[in-house]
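# Breakdown of the fold
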Amino acid sequence: MPSQIKTPPSWLIQNARLAAGQTGWLLVSGRKISSLSQEAPGDCLIEAAGGVVDAAGANLLPGLIDLHTHGGMGREVMDADPDGLAELSAFYASHGVSAFLATTWAAEPQAVSAVLDTVKAAQTRGLPGARLLGVHLEGPYLNPTRGGAQDPARITPADLAQAETWLSSGLVRLVTLAPEIEQNLALARRCVELGVRVSAGHTDASYEQMRAAQRAGINQVTHTFNAMSPFNHRAPGAAGAALELPGLFCEVIADLVHVHPAALRLLYRMRGADELILVSDSIRAAGLPDGRYPIGPGDPREIIVTDGAARLQDGTLAGSTLTLEKALLNLQTATGRPLNELWPAASRTPARALGLQKTGELLPGFRADLTLLDDSGTVLLTAVDGQVVFAAPGLRLQGF
């Protein structure tokens, strides 16, 4: 399913503030970044480019990468609907996301298998916006004590035989599990053998168990501070491990609802942009007004969205309505740090955490996954593999 915007083989973005903060230009050739410079582009370069985008001083960043998203615009990954994934791909692209992991939740095995089949079909067919990298398996191998909005009836210790069938598909790129459960830790080791990333989440692990998990190859934490054992000065818990253990990548939902701005500042000071991963954890209500929304197939509960915050009837937070460009803006607001310091948390760091090659930076030879943001955080343009998949009305495009 190709983009609706006809993109020339070679095109130029000029008058942009590049990720490092300086004004300059960037040339795209095919699927890759060809060159970039802080100097003014010469007439020959402008004439040679098949198309020109005037950024008018907006911020040019690598495309945003969302490793943890369940849905938006009324669509949900667990619906296992190829058309739904196509709509999600376009929705994410309109918010600056160039790549994402379709994220599941605790469900019956056949429901998870249906998602994998749908993802495979969508990747084969192609999507109109953000690239679908694969699946983030969030559950069912969680700890019901820290289940959050996950259905407790569907949470179970890891079944290695069942998990192997999912892993063998090659579609699962990231698994969230509770490592304090023996069967789950065994699965984590198997994932590491297969090159699948593992994240500790929905976990009641002690600090010591988190250290053991890290030794087993778990190098990431799912939505830090949420659905995990909290920090205590005598029992640091999973939250303390996320703050203190070296080398962990830490997801965070920066909607300023899941995490207080002070806690967000603390996490940033401890981990920095090279270990912090902004995620949306968005649900089907993202992009829609406040109201009541079904969770999804097999789960009769509703999510109530009030002032943008999504909760179950009992008040439990149930994902978010966040989009990733807003997460980046919220991180900037909470920390007071400049965008040219923070942007890696939304692109380079998730790319590294997932092991993506030549992705997530503005460098020659890297994927031409690009996001153009104005100073208010509004997305003006998104490109995926050199193709413009979203352009805001009023953006100056020539040759497209």
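Just above sits the structure.
Heads up: these notes are all about the structure in this document. (Residues numbered from 1 in each chain as written. Predicted model: local features only at pLDDT ≥ 70, side-chain atom pairs only at ≥ 80, totals over all residues. Heavy atoms only, no water.)

Looking now at the sheet that holds strand β17 (residues 299-306). Reading across the sheet, the three strands line up as β16-β17-β18 and stay open at both edges, with antiparallel pairing between neighbours. The strands lining the two open edges of the sheet, one partner per strand, are β16 (291-296) and β18 (309-311). Strand-to-strand twist of the sheet, defined as the mean angle between neighbouring strand axes without regard to direction, takes the value 30 degrees. Pairing analysis gives three bridges linking β17 to β18, with the strands arranged antiparallel. (Pairing = 2+ DSSP bridges. Helix = DSSP H or I, 4+ residues; strand = E, 2+ residues; numbered from the N terminus. Axes fitted to C-alpha atoms, helices over the stretch in contact; angles between N-to-C directions.)

Before going further, it helps to spend a moment on empty space enclosed by the protein. Applying the stated criterion to the full structure yields two cavities of 30 Å³ or more. By volume, the largest cavity is sized at about 50 Å³. Taken together, R75, E76, V77, D79, A80, D81, G84, L85, L88 and T118 form the lining of the largest cavity. Counting residues per element, the ones that place at least two in the lining of the largest cavity are β8 (75-76) and α2 (82-93). A per-element tally of the lining of the largest cavity places α2 first, with three residues. Within the lining of the largest cavity, the residues separate by chemical class into four nonpolar, two polar and four charged. (1 Å grid on protein atoms, 1.4 Å probe; cavity = no way out; pocket = protein on both sides within 12 Å on 5 of 7 lines; lining within 4 Å. Points joined across faces, edges and corners; volume = space filled by probe spheres on them. Nonpolar A, V, L, I, M, F, W, Y, C, P; charged D, E, K, R; others polar.)

Mapping S89 onto the fold places it in helix α2. S89 gets classed as buried once you look at its relative accessible area, which sits at 0%. (Buried < 20%, exposed > 50% of the residue type's maximum accessible area, 1.4 Å probe, protein only.)

Okay, the environment of A20 next. Its place among the elements puts A20 in the loop between β1 (10-17) and β2 (23-29). Owing to a relative accessible area of 52%, A20 belongs among the exposed residues under this scheme. The spatial distance from the C-alpha of A20 to the C-alpha of N59 is 9.7 Å, given a sequence separation of 39 residues.

Reported here for the largest pocket is a volume of approximately 380 Å³. Lining the largest pocket are 28 residues, with A149, Q150, L317, A318 and G319 positioned closest to its centre. Listing elements by their share of the lining of the largest pocket, those giving two or more residues are β16 and β17. Its residues assigned to classes, the lining of the largest pocket comprises 11 nonpolar, nine polar and eight charged.

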